[in-house]
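Report on the structure
Chain residues, written in single-letter form:
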Amino acid sequence: MADYIKNIIIEEVNNQVTIDDIKKGEKELSVSFPEDYKKHILKYNGGHPVKNSYPIIEIYDFDRYGWGKSTIYDCEIAWFYAINNEDYDIVKENKFFEDRIPNNFIAIGEGSGGDLICISIREKDYGKVYFWGHDWDIG
């Protein structure tokens, strides 16, 4: 995650959280967040990037036959989810999307059109950042 998100300037950050708050969120979602993402939450706990368009190195589109490799393009990030926040709460948002996105993803933010920024929690690509288009809903 650090390679993709380290140069993003964030504004409108939320109340600071502790490592215990993060552990509680992990427990509620039954996941273990990557260390880089934990650092991101501790520093910003959500927020809005000043620049909202970032290049994606690779994207995988979901279609009725599974994942297929596509082309490179920019990804829009409107908000990063926060812990213990009324708006854009990571636990609440992931509970909402749990039947719609692949189960190896945790949504960590979204674009203005309902697309999601996700990180993988499966072993082979743990911590890798993905863009999930809402038109790819698998539910």
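Conventions and cut-offs
Residues numbered from 1 in each chain as written. Predicted model: local features only at pLDDT ≥ 70, side-chain atom pairs only at ≥ 80, totals over all residues. Heavy atoms only, no water. Helix = DSSP H or I, 4+ residues; strand = E, 2+ residues; numbered from the N terminus. Buried < 20%, exposed > 50% of the residue type's maximum accessible area, 1.4 Å probe, protein only. Contact = heavy atoms within 4.5 Å. Areas by Shrake-Rupley, 256 points an atom, 1.4 Å probe, with all protein chains shown as cover. Polar contact = N/O pair within 3.5 Å; in protein donor to acceptor, adjacent residues only side chain to side chain. Salt bridge = Lys/Arg side-chain N within 4 Å of Asp/Glu carboxyl O. Pairing = 2+ DSSP bridges. Axes fitted to C-alpha atoms, helices over the stretch in contact; angles between N-to-C directions.

Side note on the overall build of the chain
Of the regular secondary structure elements, the chain holds four helices and 10 strands. Tracing the chain from N to C terminus, the helices and strands come up as α-β-α-α-β-β-β-β-β-β-α-β-β-β. Taken over 139 residues, the chain has a buried fraction of 46%. Taking the contacts inside the chain whose residues are at least 6 apart along the sequence as the reference set, 55% of them involve residues at least 24 apart. Just so you have it, the chain exposes about 8,100 Å², and 48% of that area is on carbon and sulfur atoms.

Focus on the side chain of histidine 48
Considering the arrangement of structural elements, one finds histidine 48 in strand E2 (residues 48–49). Of the polar contacts made by the side chain of histidine 48, one reaches the backbone oxygen of alanine 78; its length is 2.5 Å. Apart from the residues within four sequence positions on either side, histidine 48 is in contact with Ile9, Ile10, Glu11, Glu12, Ala78 and Trp79.

Here we look at the pattern of salt bridges
A complete count under the given rule lists three salt bridges for this structure. Because the salt bridges share partners, they merge into one network encompassing Glu26, Glu35 and Lys38.

A closer look at the environment of glycine 25
Turning to its location among the elements, glycine 25 is positioned in helix H2 (residues 19–29). Note on glycine 25: relative accessible area 3%, which makes it buried. Linking glycine 25 and valine 91, residues 66 residues apart in sequence, is a C-alpha distance of 6.4 Å.

Observations concerning the sheet that holds strand E8 (residues 105–110)
Two modes of strand pairing occur in sheets, parallel and antiparallel, and in both the strands are linked by backbone hydrogen bonds. The four strands lie next to each other as E7-E8-E9-E10, forming an open sheet whose pairing is antiparallel. The open sheet has two edge strands, strand E7 (79–80) and strand E10 (129–132), and neither has a second partner. Pairing geometry for strand E9 (residues 116–120) and E10, over four bridges, is antiparallel. The residue bridging isoleucine 119 from the neighbouring strand is valine 129, located in E10. Against the sheet, helix H4 (residues 90–97) makes contact with E8, E9 and E10, and its axis sits at roughly 120° relative to E8, the strand it touches most.

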